[in-house]
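Below are the chains, spelled out letter by letter.
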Amino acid sequence: MKQSIATIALVIAEYEEAVAFYRDAVGFTLVEDTPLAPGKRWVVLAPPGRDGARLLLAKADGPDQQAVIGKQAGGRVMLFLQTDDFDRDHARMQANGVHFLEEPRREAYGTVAVFVDLYGNRWDLIEPRR
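Residues numbered from 1 in each chain as written. Predicted model: local features only at pLDDT ≥ 70, side-chain atom pairs only at ≥ 80, totals over all residues. Heavy atoms only, no water.

## Observations regarding the pairing of strand β2 (residues 29–35)
Side-chain positions along a regular strand alternate between the two faces of the sheet. To keep things clear, this is the line we draw: Only when DSSP finds a minimum of two bridges between them are two strands counted as paired. Runs of H or I in DSSP of at least four residues are treated as helices and runs of E of at least two as strands, each being numbered from the N terminus.
Direction of pairing for β2 relative to strand β3 (residues 41–46): antiparallel, over a ladder of 6 bridges. Across the sheet, residue T29 finds its bridge partner in β3, namely A46. A loop of 5 residues connects β2 with β3, the two strands running antiparallel in sequence, and G39 in this loop sits at a positive phi of about 80°.

In C-alpha cells:
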C-alpha cells in the first residue's frame, strides 16, 4: 500500500493576493487555476523541485471560514517548507518581502526560521541536517 498527502487546503481571503504572495514572494509555481463556479476557483501552487504536497488556495466562504483565515493552526507553525539551501531561500524570500519572526536557528535537526504568510499563518523554512 502506498499513500501520500497530495494537496493541503489553505483558507484565504482573496485569490489574486494569495497567488501573488506564494508565487512571487515565496517562490512557488502556479500549477493550476481553473474557474469552478462564480467566485470560486481551483488554485494550486507547489514549491519548485519537490514531489511533495501542493497547496490549494481555498477562498473563504461565509463568516465561519473567514474567521479561520490566518488561524488554521491556532497560532502554531502549520506548514513546513523544506529546502536544500536555507541561506539562498531565506535571502530570496526576505528580499521579496516575506516577514520572518526570528533569526535563523541551527538546531540538531537542521537550520530553521519561522515566517508568516500574508494572513499570519506560521511556516517553518527548514533545511534538514544531512
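From this point, the narrative continues.
## What about the nonpolar core?
When a protein is soluble and globular, its nonpolar side chains tend to lie buried together. To keep things clear, this is the line we draw: As used in this record, nonpolar core signifies buried Ala, Val, Leu, Ile, Met, Phe, Trp, Tyr and Cys residues forming a set joined through side-chain atoms within 4.5 Å. Classification of residues uses two cut-offs on accessible area relative to the type maximum, computed with a 1.4 Å probe and protein chains only: under 20% is buried, over 50% is exposed, and between them is partly exposed. The contact definition used throughout considers only heavy atoms, calling two residues in contact when any of these lie within 4.5 Å.
One finds Y22, V26, L57 and F115 to be the most contacted residues of the largest nonpolar core, which totals 29 residues. Considering each element in turn, this core owes the most residues, 7 residues, to helix α1 (residues 15–26). Aside from chain neighbours lying at most four places away, what touches Y22 is L10, G27, F28, L45, L55, L57, D117, L118 and W123.

## Overview of the side chain of T83
Threshold: What qualifies as a polar contact is a pair of N or O atoms within 3.5 Å, subject to a donor-acceptor requirement within protein and to the restriction that residues adjacent in sequence count only when both atoms come from side chains.
Along the chain, T83 turns up in the loop between β5 (77–82) and α3 (86–95). Judged by its relative accessible area of 4%, T83 is buried. Within polar-contact distance, the side chain of T83 engages the side chain of D89 at 2.4 Å.

## Some words on the sheet that holds strand β1 (residues 7–12)
Worth spelling out the cut-off: All axes are obtained by fitting lines to C-alpha atoms, using only the stretch in contact for helices, and the reported angles, taken between N-to-C directions, cover 0 to 180 degrees.
What the 4 strands build is an open sheet, ordered β1-β4-β3-β2; its pairing is mixed. Because the sheet does not close on itself, it has two edges, and the strands there are β1 and β2. The sheet shows a mean angle of 25° between the axes of neighbouring strands, taken without regard to direction. Here β3 pairs with strand β4 (residues 54–59) via 3 bridges, running antiparallel. Opposite V43, over in β4, you have L57 as the bridge partner. The strands that α1 touches are β1, β3 and β4; relative to β3, the one it contacts most, it runs at about 10°.

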